[in-house]
Amino acid sequence: MSSEMTAEMYLPHFVVKQKLTMMINRYEVSESDEAGNPTRLMALAEQKRMAFKEQVTFYADAAKTRAVFGFKARRKLDLNAGYDITDEAGAQIGFFRKDFGASLLRSTFHIEGPGYTGTGRERSQVAGLLRRFTELDFIPIHFDFVDSAGQPLFSVERKMSIGDRYRVTVPDQRIDFRVAAAVAVGLDALMAR
């Protein structure tokens, strides 16, 4: 575990739960215990299902009275542009982008934050291929993000189930939970394109 610098808002594990409705994808981000059971709601976001996914804002509560973080595409309609992750005041706290060339057989993302850069890949190429070439929505999705030395930054895991529930484990204390949460929601949104 790297402890050179602890992120402003570090959480060792949390869950992202997607609730599907007819018109809106709703994401709830909750702190969790080690077993993955939600313990405290940290943020929620809503995304219109048929809308482009250039921007997602996370709020402190369902009334949307206070935006607490978000991510936004650097350029609209450019899948390689990448996404800036910002805090409540709009200051950049991280960045991620999908590597479409490397993602043909196994989805790959690149991330950056204060004091680190890293790459995340699907753990299983077989699961990735099944997801691409079948209509099965319940295939597990597991991503492992590592830094340039191969040390784990964080992982995002969706178990085999109907409905999306991601368990996020963050061994590296440099990773702000808002960055990991934005990436987890971004994975879900971008993999649905």
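No experiment lies behind these values; they were computed from the predicted model shown.

Re the overall build of the protein chain
Phase 1 of the analysis: The number of helices and strands found in the protein chain is two helices and 12 strands.
Phase 2 of the analysis: Its helices and strands in sequence order give the protein chain the pattern β-β-β-β-β-β-β-β-β-α-β-β-β-α, from N to C terminus.
Phase 3 of the analysis: In the protein chain, which comprises 193 residues, the share counted as buried stands at 47%.
Phase 4 of the analysis: Of all intrachain contacts in the protein chain linking residues separated by at least 6 positions in sequence, the fraction that spans at least 24 positions is 39%.
Phase 5 of the analysis: On the protein chain, roughly 9,900 Å² of surface is accessible, and the fraction owed to carbon and sulfur atoms is 54%.

Points about the environment of Pro38
Phase 1 of the analysis: With respect to the helices, strands and loops of the structure, Pro38 is situated in strand β3 (residues 38-48).
Phase 2 of the analysis: Spatially, the C-alpha atoms of Pro38 and His13 are 9.8 Å apart, while their sequence positions differ by 25 residues.
Phase 3 of the analysis: Apart from the residues lying within four places of it in its own chain, the contact partners of Pro38 are Val15, Ser30, Glu31, Ser32 and Arg165.

Thoughts on the confidence of the model for the protein chain
Phase 1 of the analysis: The predicted model of the protein chain averages 84 in pLDDT, with 80% of residues at 70 or higher.
Phase 2 of the analysis: Mean pLDDT in the protein chain bottoms out at helix α1 (residues 125-133), which sits at 62, and peaks at strand β6 (residues 83-87), which reaches 96.

Comments concerning the side chain of Asp172
Phase 1 of the analysis: Tracing the backbone through its elements, the reader meets Asp172 in the loop between β12 (165-169) and α2 (177-191).
Phase 2 of the analysis: In terms of polar contacts, Asp172 uses its side chain to reach the side chain of Arg174, at 2.7 Å.

Comments concerning unusual backbone geometry
Among all residues save glycine, negative phi is the norm, and among peptide bonds the norm is trans.
Phase 1 of the analysis: Even without being glycine, Lys64 reaches a positive phi, approximately 55°.
Phase 2 of the analysis: Within the fold, Lys64 resides in the loop between β4 (55-59) and β5 (67-73).

Comments concerning the packing of aromatic side chains
Working definition: an aromatic ring pair is given by the centre-to-centre distance plus the angle between the planes.
Phase 1 of the analysis: Tallying each qualifying case throughout the model produces 10 aromatic pairs.
Phase 2 of the analysis: With 6.5 Å between their ring centres and 45° between their planes, Phe58 and Phe71 make a pair best called tilted. Separated by 13 residues along the polypeptide, Phe58 in strand β4 and Phe71 in strand β5 bring together distant segments of the chain. The same class applies to Phe58 and to Phe71, which are both buried.
Phase 3 of the analysis: Ring plane angle 70° and centroid distance 5.4 Å describe the contact between Phe71 and Phe96, whose orientation is recorded as edge-to-face. On the criterion of sequence distance, the pair formed by Phe71 in strand β5 and Phe96 in strand β7 (residues 92-98) is long-range, its members being 25 residues apart. No difference in accessibility class separates Phe71 from Phe96, as the two residues are buried.

Things to note about the pattern of salt bridges
Phase 1 of the analysis: Counted by the stated rule, this structure contains 13 salt bridges.
Phase 2 of the analysis: Residue Lys64 pairs with Glu46 through a salt bridge whose shortest N-O separation is 3.0 Å. With a gap of 18 residues between them, Lys64 in the loop between β4 and β5 and Glu46 in strand β3 connect regions that are remote in the sequence.
Phase 3 of the analysis: The partly exposed category is assigned to Lys64, whose relative accessible area is 37%.
Phase 4 of the analysis: Judged by its relative accessible area of 29%, Glu46 is partly exposed.
Phase 5 of the analysis: The closest approach of N and O atoms between Arg123 and Glu157, which form a salt bridge, is 3.0 Å. With Arg123 in the loop between β9 (116-122) and α1 and Glu157 in strand β11 (residues 152-158), the pair connects residues that are 34 residues apart, well separated along the chain.
Phase 6 of the analysis: The exposure class assigned to Glu157 is buried, which follows from its relative accessible area of 15%.
Phase 7 of the analysis: Salt bridges here are not isolated pairs; linked through shared partners, they connect Lys19, Arg26, Glu28, Glu46 and Lys64.

Remarks on the pairing of strand β1 (residues 13-20)
Phase 1 of the analysis: Pairing between β1 and β12: five bridges, direction antiparallel. Residue pairing across strands places Phe14 opposite Val168, the latter belonging to β12.
Phase 2 of the analysis: Pairing geometry for β1 and strand β2 (residues 24-32), over seven bridges, is antiparallel. Residue pairing in the sheet places Val16 in a bridge with Val29 of β2.
Phase 3 of the analysis: Where β1 hands over to β2, the hairpin turn is made up of three residues, counted between the paired strands.

What counts, and where the lines are drawn
Residues numbered from 1 in each chain as written. Predicted model: local features only at pLDDT ≥ 70, side-chain atom pairs only at ≥ 80, totals over all residues. Heavy atoms only, no water. Helix = DSSP H or I, 4+ residues; strand = E, 2+ residues; numbered from the N terminus. Buried < 20%, exposed > 50% of the residue type's maximum accessible area, 1.4 Å probe, protein only. Contact = heavy atoms within 4.5 Å. Areas by Shrake-Rupley, 256 points an atom, 1.4 Å probe, with all protein chains shown as cover. pLDDT = per-residue confidence, 0-100. Polar contact = N/O pair within 3.5 Å; in protein donor to acceptor, adjacent residues only side chain to side chain. Phe/Tyr/Trp six-rings, centres within 6.5 Å; stacked < 30°, edge-to-face > 60°. Salt bridge = Lys/Arg side-chain N within 4 Å of Asp/Glu carboxyl O. Pairing = 2+ DSSP bridges.

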